[in-house]
Amino acid sequence: MGILDMLFGGGKKKVSKETAETRGDHMPDLNIPVDEKFTIHFKKNGGKFIYCINDAEISNAIQNIVIENNWESEPFYILNKRLAEKFSKESLTYTDNPRDSEVFFTTCEHLIAQNGSILVCSNQLLEKKVNELPSNVVVFATTSQLVESIGEGLKTIKKKYGQKIPANITTLKHFKATAENSDDFLTYGSSTKNLYLLLLEDL
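Report on the accompanying structure. The residue count restarts for each chain, going from 1 along the sequence in the order it is written. For this predicted model, a pLDDT threshold of at least 70 governs which residues receive local features, and a threshold of 80 or more governs which side-chain atom pairs are given and counted, while totals over whole chains, interfaces and linings are taken from all residues. Excluding hydrogens and water, the side-chain figures rest on all heavy atoms present in the structure.

**What about a nonpolar patch on the surface?**
So, point 1. What makes a patch is a set of residues exposed beyond 30% relative accessible area and free of salt bridges, joined within 9 Å when like-charged and within 5 Å when nonpolar (Val, Leu, Ile, Met, Phe, Trp, Tyr). Only the protein chains shown count as cover for residues, with accessible areas throughout obtained via the Shrake-Rupley method and a probe of 1.4 Å. Salt-bridge detection follows one rule: a side-chain nitrogen of Lys or Arg within 4 Å of a carboxyl oxygen of Asp or Glu. On the surface, Leu154, Ile165 and Ile169 cluster together into a nonpolar patch covering about 230 Å² of accessible area.
So, point 2. Helix numbering and strand numbering both begin at the N terminus, where a helix is a DSSP run of H or I of at least 4 residues and a strand a DSSP run of E of at least 2. With respect to the helices and strands, Leu154 occurs in helix 7 (residues 150-161).

**Some details on the environment of Ser91**
So, point 1. Here Ser91 is to be found in the loop between helix 5 (81-86) and strand 3 (94-95).
So, point 2. For Ser91, a relative accessible area of 70% puts it in the exposed group.
So, point 3. On a C-alpha basis, the gap between Ser91 and Gln63 in space is 8.2 Å, while along the polypeptide they are 28 residues apart. The buried label applies to any residue whose accessible area, calculated with a 1.4 Å probe on protein chains only, is under 20% of its type's maximum; exposed applies above 50%, and partly exposed to all values in between.

**Considering helix 4 (residues 55-69)**
So, point 1. An ideal rise of 1.5 Å per residue puts 21 Å on 15 residues; helix 4 measures up with 21 Å between its terminal C-alpha atoms.
So, point 2. Those residues of helix 4 not exposed but buried are Glu57, Ile58, Ser59, Ala61, Ile62, Ile65 and Val66.
So, point 3. N or O atoms closer than or at 3.5 Å make up a polar contact, with two conditions inside protein: a donor-capable atom paired with an acceptor-capable one, and, for residues adjacent in sequence, both atoms drawn from side chains. The N-capping residue of helix 4, defined by a side-chain oxygen 3.2 Å from the backbone nitrogen of Ala56, is Asn54. Helix span, as expected, comes to 1.5 Å for every residue beyond the first.

As structure tokens, then:
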């Protein structure tokens, strides 16, 4: 699968353009698989979605993102050392100072199908607030992290971490400013990001 096919392509399963575009904001949620539902809402939020079936496609996607945005000389701001180790073979440089970078490279806890948001916490952000991060974000996630709702994601976090539940739990949701959402009180004070999601099939 080429990069142009993966960008905004949604992977193996296709959602009809008519289904995705003709539904109103307040209509009942789609009774479709969680991965398709997430794709619809995520893209509606303005996110850029790249589905990959193996590490080679992830590597190719990263290279294309860097070239597309002229980030060849741009260090990626990263807080997760294991993520840096995983992508150590890529031609990327890293920094732990957000002032030195225009790109935040991170993992996440879960992908929320209900509203197309990305659930993160102190494991990804430490004590940082979303508005303190660079305006460009690249998220690496796997299909096993897809859940139906925020409630389900929080339950999974509680089960996973037990008494050591991470702090600073929040969602990344607003990926572009539009006339449609600029007056929405739910977006007031939010920090809009240019966000790429690298989604690796692991199921």
